[in-house]
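Secondary and tertiary structure notes
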Amino acid sequence: MSSGDENTGVAEDVEDSAPRSAAEGEDAAEAPGDTSDRPDAPESADGESEARVADRSARRRNRRTASTRSARRGGTADADPLRRLRLMRGSDLKAGAVFLAGGVRNLLARPLTSFHLIVSITVILIALGLMMVLSASAVEGYAKDGSAYGMFTTQVMFVALGLVLFYIALRMPVRTLQKASLPILLISIVLLILVMIPGFGVAGGGARRWLSFGGLTLQPSELAKAALCMWGAAVLSTRDPRTSTARDLIFPLIPVAFGVAFLVIIEPNQSTTMILGMIVATLLWFGGLPGRFFAAFGVVFAVAGVALAFAESYRAARIFSFLGRDSDPLGADYQPNQAKFALADGGLFGKGLGQSTAKWNYLPNAHNDFIFAIIGEELGLVGGIIVLGLYLLLGYVGMRIARRSVDPFLRLMSATITVLFLVQAFINIGYVVGILPVTGIQLPILSYGGTSALTMLAMLGLLANAARHEPQAVAALAGPAPKGLSRLLRLPRPETYRAAGSSPRRRPTAAPIRRPAPVRGSSGTGRREAPRTWAGRPRTPEASGPRMRRRSGESSSGEIHYPPRGARPSRSWQESRSPAPRDRARRTGRGGWENGRR
């Protein structure tokens, strides 16, 4: 066998184990046997070259067949590395989703999850709101007052006061909140009346809605929202929907709410009036008002809203602009169009904080009603989705608190406050993106507004207080010392809810200890004393039977038998019992007692 044949045989053996070695062996086999370039090659070289080509083709076919067979048998990873190269498989995604769902489920199963979520959402909204107010109000503040931080400083002051109210609402007992709801409502009504008195109320923008105290401007209609939520929940919590009639649920809620709404609409302030009507509807819905009465209330509310919308020319212009019948790019359409332009400029990730163009006097009220447009321009679509997700999470947590609460007052108040936040947020975002007519309702916590920040933070404090009074949270906080955030904030222990008319549980008193009668019937004076009963009263001879005489050591003949000296007295029934469970656990626990020695 020639050297070329030997090399060929070696190459074929190596090909079965590794294709790359087979290619090298093939080149080595062809090199010695290739004589076509030699000058002394015979004429039969053409026939030999055709044979080599045929042999080479056969080896390639055998190599492909071998690789296919090895792949079918589950060959090595080097057989087809590209096919095995996968960055992520469907099973990996499924396992990750299952793991994430399990983590979220475990997090939501904790007793204080609702409380921690409310506090976290509040902190995030405050930080984001202050940041966006500073960015959106810098240009207008510098143009008016010569300072880019004037409006931001005012907002920080009101947010600080709002955090104080948040903490007070968080610490206040539930029954105190329920009793204080009526005085708070009366105070808000008095403030609404003072707004309409010349010299007290502050006019601006064609309306008289504010009061000025020491340089600070307050809007009493914002306080009326929180007051109506608390008082309405306190009133309906005393009505049982299973036994109360529709009249019991409607009165006195509807007349009082109508009076408050009348004081707000004459300012005029239609948007706040609509919010008050929504609060009443929410209270009646969760209070158990029958469906037919609720439908009638909804029809009346819708008719009143349409009538108020067309009562003023500027409101009618907004409605016609939204419907497309009145196209005025420099009039009623100017503000909505500029908001859409700002959202379009933001794109996916935004232009960056402080880089908005619309706030340079292109978009009116950029720091107040249309701050979501500035958020969309500077933070992009991602920032807008994050803000929307925060409000959705707040809605979920609020409804979770209302569902888990056993106190009717907390249940109604939590549900009403949650709906108030969601409605205001989605109305504001709706008219900024163009799916609703412009109404002037602010974005909760994020928009510039001192009184709005005060009331919204106070209502978030009420939500956090209700979260701490969930049954699971009450059981978790009933320990000897508070832990975590409750310890950091020095919060009192929540009270367990007791239904009206139910007396608090009394601890079972221990049974009186029955002490055995003394063995000796003589005192230190030497005189014989009459045997005493278990109550400590002297026992007459007629009442003492044989059994009692045996216990006291007296025989049937009247003699007293003393125990012999040195004898161990008999143990009482308390001493003859088995040791306490604590002692048994200590003796049988781990340590030296297991082996019978210390």
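Structural notes, computed from the coordinates. Quick caveat, the model's predicted, so the values are computed rather than measured.

**What about the overall build of the protein chain?**
Helix and strand counts for the protein chain stand at 22 helices and three strands. With 598 residues in all, the protein chain has 35% of them scored as buried. Pairs at least 24 apart in sequence give 67% of the contacts found in the protein chain among residues at least 6 apart. On the protein chain, roughly 36,000 Å² of surface is accessible, and the fraction owed to carbon and sulfur atoms is 59%.

**Some thoughts on the side chain of Q338**
The residue Q338 is located in helix α15 (residues 334-346) in this model. With near-sequence residues (within four places) excluded, Q338 lies in contact with Y362 and L363.

**Digging into the pattern of salt bridges**
Taken as a whole and judged by the stated rule, the model has seven salt bridges. Residues D407 and R175 are paired through a salt bridge, measuring 2.8 Å at the closest nitrogen-oxygen approach. In this pair, D407 is assigned in the loop between α16 (371-404) and α17 (408-433) and R175 in helix α8 (residues 174-195), connecting sequence segments 232 residues apart. A residue is classified by how much of its surface remains accessible, and R175, at 32% relative accessible area, is partly exposed. A salt bridge links K359 to E378; the shortest N-O distance between them is 3.7 Å. With K359 in the loop between α15 and α16 and E378 in helix α16, the pair connects residues that are 19 residues apart, well separated along the chain.

**Re the side chain of K225**
Residue placement: K225 occurs in helix α9 (residues 220-236). Within polar-contact distance, the side chain of K225 engages the side chain of E222 at 3.2 Å. Discounting residues that sit within four places of it in the chain, K225 has contacts with T272, I275, L276, I279 and Q424.

**Focus: the packing of aromatic side chains**
How two aromatic rings sit relative to each other is set out by the distance from centre to centre and by the angle between their planes. With the rule as written, the count across this model stands at three aromatic pairs. Note that R468 overlies the ring of F115, its terminal NZ or CZ placed 6.0 Å from the centroid.

**So, the packing of helix α11 (residues 253-265) against helix α12 (residues 270-287)**
Where α11 meets α12, the axes come as close as 8 Å, and the angle between the chain directions of the two elements is 170°. Between α11 and α12, the crossing angle belongs to the class labelled roughly antiparallel. Side by side, α11 and α12 meet where L253, I254, A257, V260, A261, V264 and I265 of the first sit next to Q270, T272, T273, L276, V280, L283 and L284 of the second. Of the residues belonging to the contact of α11 with α12, the class tally is 11 nonpolar, three polar and no charged.

**So, the sheet that holds strand β1 (residues 201-204)**
Reading across from one edge, β1-β2-β3 is the order of the three strands in this open sheet, with antiparallel pairing throughout. This sheet does not close on itself; its edge strands, each paired only once, are β1 and β3 (216-218). Sheet twist, expressed as the average angle between the axes of neighbouring strands with direction ignored, equals 45°. Across four bridges, β1 lies against strand β2 (residues 207-213) in antiparallel orientation. Considered in β2, the bridge of A203 is made with R208.

**Examining the pairing of β2**
Along a regular strand, successive side chains alternate from one face of the sheet to the other. The loop that links β1 with its antiparallel partner β2 comprises two residues; one of these, G205, has a positive phi angle of about 70°. For β2 and β3, the ladder comprises three bridges, and the chain directions are antiparallel. Among the inter-strand pairings, L211 is bridged to a residue of β3, identified as L218. Taking the residues between adjacent antiparallel strands as the criterion, β2 and β3 are bridged by two residues, where G214 takes a positive phi near 60°.

Rules and cut-offs
Residues numbered from 1 in each chain as written. Predicted model: local features only at pLDDT ≥ 70, side-chain atom pairs only at ≥ 80, totals over all residues. Heavy atoms only, no water. Helix = DSSP H or I, 4+ residues; strand = E, 2+ residues; numbered from the N terminus. Buried < 20%, exposed > 50% of the residue type's maximum accessible area, 1.4 Å probe, protein only. Contact = heavy atoms within 4.5 Å. Areas by Shrake-Rupley, 256 points an atom, 1.4 Å probe, with all protein chains shown as cover. Salt bridge = Lys/Arg side-chain N within 4 Å of Asp/Glu carboxyl O. Polar contact = N/O pair within 3.5 Å; in protein donor to acceptor, adjacent residues only side chain to side chain. Phe/Tyr/Trp six-rings, centres within 6.5 Å; stacked < 30°, edge-to-face > 60°. Lys NZ or Arg CZ within 6 Å of the ring centre and 35° of its normal. Axes fitted to C-alpha atoms, helices over the stretch in contact; angles between N-to-C directions. Parallel < 35°, antiparallel > 145°, perpendicular 65-115°, else oblique. Nonpolar A, V, L, I, M, F, W, Y, C, P; charged D, E, K, R; others polar. Pairing = 2+ DSSP bridges.

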